[in-house]
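# Examination of the molecular architecture
Here's the letter readout for the chains.
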Amino acid sequence: MPVRLTPAFLSVALALSTASLFAADAKSGVVIYATGGTIAGSSASSTDTTDYDAGKLGIETLIKAVPELNQVATVTGEQLANMPSQDMDQKTLMKLSKTISQKLEDPAVHGVVVTHGTDTLEETAFFLDLTVKSEKPVVVVGAMRPATAVGADGPMNLLEAVSLAANDKANGRGTLVVLNDRIGSAFYTTKTNSTMPDTFRAVEQGYLGSFVGITPRFYYSPATPTGKRHFDVSKQESLPKVVILYSYQDQDSALIDAAIKDGAKGIVIAGTGNGSIPTRTKETVKRLMEQGIPVIRSTRTGSGFVSRKEEGIGSGFFNPQKSRILLSLALATGADMATIERYFSAAE
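Residues numbered from 1 in each chain as written. Predicted model: local features only at pLDDT ≥ 70, side-chain atom pairs only at ≥ 80, totals over all residues. Heavy atoms only, no water.

On a plain count of helices and strands, the protein comes out with 10 helices and 14 strands. Taking 348 residues into account, the globule formula puts the C-alpha radius of gyration at 20 Å, and the protein, at 21 Å, falls close to it. Based on the C-alpha atoms only, the size of the protein along its principal axes is roughly 65 × 40 × 35 Å. The buried share of the protein, taken over its 348 residues, is 53%. Taking as baseline every contact in the protein between residues at least 6 positions apart, the subset at least 24 positions apart corresponds to 74%. Carbon together with sulfur atoms contributes 49% to the accessible area of the protein, which is approximately 15100 Å² in total. (Helix = DSSP H or I, 4+ residues; strand = E, 2+ residues; numbered from the N terminus. Rg over C-alpha atoms; globule rule 2.2 N^0.38 Å. Buried < 20%, exposed > 50% of the residue type's maximum accessible area, 1.4 Å probe, protein only. Contact = heavy atoms within 4.5 Å. Areas by Shrake-Rupley, 256 points an atom, 1.4 Å probe, with all protein chains shown as cover.)

This is the structure in structure tokens:
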């Protein structure tokens, strides 16, 4: 099916603020790495916002649709992947992290932007936050409506992301997430709604800032999240397998045992409440911990702190999907059980 950009999509871009409103230095170099997702999605219907094909448009199409990008910065783009984000894999993540780390060493590059599907955007953003070590901004951006939809949010989101990556005030803040005029820390931001444009939030920690027009306005000076650590993956080709299991009434140990048999080196359980798991599974968790296989107990509630546990390790502020990434990186560095527990308890 041929790709069709609606007049509404293009008019949004053309109607954006004039060059006099741009706060960023037009000489700043920003590289956009495209990976697909809704922001590059397409549908035959201009009112389709749920059943479109994600990852259909290339980076050059996205850039050309928003000519104001070149007034914000010197923009270049690279198509690193083009997929719905539920298909994002470890190989692509590793390539993305290594590519960004190398690119940010270029003095001509002020920052980078990653376009990404929203379903797993927070996982990629968190991974980059832990593996890219640079004072320069890394901004991950997506859209909740495809490019062909009436009221597509992709053009403004992309323009804001580039504006942020080109702005000196974004330096030293780690990886940032931009959607719906909001700026969030990748360390805490998560997707909270399946379809609404205001889905990305840090429920407990809040936003770092927002946009007035396309100018970023920060609420706070740069700060490092408590317990944040850097993991060097430059020489890593792969990471240990970690799986997430969902807890529920009548849960037994069958899936835990199956995961280990299938090669998992660590387990994350999305527990009820404060990381609770059924009593019948606690002996299995205790046995795995004694065998050197870490079991992280997170929460399925969506927010909150999971405290220390007698069986397993409480995830602290990390939700299940971020716990999986942190545990995999910790295992890749050879961290012992005590060190892993410190990572999750946010201890210094």
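Any two aromatic rings considered together are summarised by their centre-to-centre distance and by the angle between their planes. Counting across every chain of the model gives 8 aromatic pairs. Aromatic side chains Phe126 and Phe187 sit 5.7 Å apart centroid to centroid with 50° between the ring planes, which places their arrangement in the tilted category. In this pair, Phe126 is assigned in helix 5 (residues 121-131) and Phe187 in the loop between strand 6 (182-185) and strand 7 (190-191), connecting sequence segments 61 residues apart. Note on accessibility: Phe126 and Phe187 belong to one class, buried. When the ring of Phe126 is compared with that of Phe318, the centres are 5.8 Å apart and the planes differ by 55°; the resulting orientation is tilted. Placement of the pair is Phe126 in helix 5 and Phe318 in the loop between strand 14 (313-314) and helix 9 (320-332), with a sequence separation of 192 residues. The pair formed by Phe126 and Phe318 is uniform in burial state, with each residue classed as buried. Connected via pairs of aromatic rings, a cluster forms that spans Phe126, Phe187, Tyr188, Phe318 and Phe344. Directly above the ring of Phe218 sits Arg173, whose terminal nitrogen or CZ lies 3.6 Å from the centroid. (Phe/Tyr/Trp six-rings, centres within 6.5 Å; stacked < 30°, edge-to-face > 60°. Lys NZ or Arg CZ within 6 Å of the ring centre and 35° of its normal.)

Another point: the sheet that holds strand 13 (residues 295-299). Here 4 strands make up an open sheet; going across it, the order is 11-12-13-14 and the pairing parallel. Each having just a single partner strand, strand 11 (242-246) and strand 14 make up the two edges of the open sheet. The sheet contacts of helix 9 involve strand 11, strand 12 (266-271) and strand 13, and relative to strand 12 the element is tilted by about 160°. (Pairing = 2+ DSSP bridges. Axes fitted to C-alpha atoms, helices over the stretch in contact; angles between N-to-C directions.)

A separate point is helix 8 (residues 279-290). Taking 1.5 Å per residue, 12 residues should reach 16 Å; helix 8 reaches 18 Å between its end C-alpha atoms and fits that length. For helix 8, the set of buried residues is Thr281, Thr284, Val285, Leu288 and Met289. The buried side chains of helix 8 occupy one side of the element, clustering within an arc of 135° when seen end-on. Within helix 8, the exposed residues directed more than 90 degrees away from the buried face are Thr279, Arg280, Glu283 and Glu290. (Expected span 1.5 Å × (residues − 1). Arc of directions from axis to C-beta.)

Relative to the elements of secondary structure, Ser97 occurs in helix 4 (residues 90-103). With sequence-adjacent residues up to four places away left out, Ser97 is seen in contact with Phe127, Leu128, Thr131, Val132 and Val233.

One open sheet accounts for 8 strands, arranged 2-1-3-4-5-6-9-10; its pairing is mixed. The outermost strands of the open sheet, each flanked by one partner alone, are strand 2 (74-83) and strand 10 (215-218). For this sheet, the mean inter-axis angle between neighbouring strands, taken without regard to orientation, is 25°. In this sheet, strand 3 (residues 111-115) lies alongside strand 1 (residues 29-36) in parallel orientation, the contact comprising 5 bridges. When the bridges of strand 3 are listed, Val30 appears paired with Gly111. Lying over the sheet, helix 5 contacts strand 3, strand 4 (138-141) and strand 5 (175-179), oriented at roughly 155° with respect to strand 5. With respect to the sheet, helix 6 (residues 154-165) is in contact with strand 1, strand 2, strand 3, strand 4, strand 5, strand 6, strand 9 (209-212) and strand 10, its orientation differing from that of strand 3 by roughly 155°.

As a further point, take the packing of helix 4 against helix 5. Running from amino to carboxyl end, helix 4 crosses helix 5 at an angle of 45°, the nearest separation of the two axes being 10 Å. Compared by their axis directions, helix 4 and helix 5 come out oblique. Considering only the axes of helix 4 and helix 5, their crossing is right-handed. Across from Leu93, Met94, Leu96, Ser97, Ile100 and Ser101 in helix 4, the residues of helix 5 making contact are Thr124, Phe127, Leu128 and Thr131. Residue classes in the contact of helix 4 with helix 5 are distributed as 6 nonpolar, 4 polar and no charged. (Parallel < 35°, antiparallel > 145°, perpendicular 65-115°, else oblique. Left-handed = near helix turned anticlockwise from the far one by under 90°. Nonpolar A, V, L, I, M, F, W, Y, C, P; charged D, E, K, R; others polar.)

Across 5 bridges, strand 11 lies against strand 12 in parallel orientation. Its bridge partner being in strand 12, Val242 is matched across the sheet by Gly266. Running through helix 7 (residues 254-261), the crossover from strand 11 to the neighbouring parallel element strand 12 is right-handed. (Right-handed = clockwise from strand over helix to strand, strands pointing away.)

Our focus in this paragraph is the environment of Asn82. With respect to the helices and strands, Asn82 occurs in strand 2. Overall, Asn82 belongs to the partly exposed group, its relative accessible area being 31%. Once the C-alpha coordinates of Asn82 and Thr115 are considered, the two residues, 33 residues apart in sequence, prove to be 9.7 Å apart. From its side chain, Asn82 meets the backbone oxygen of Leu57 in a polar contact 3.3 Å long. (Polar contact = N/O pair within 3.5 Å; in protein donor to acceptor, adjacent residues only side chain to side chain.)

Geometry only, nothing functional implied.
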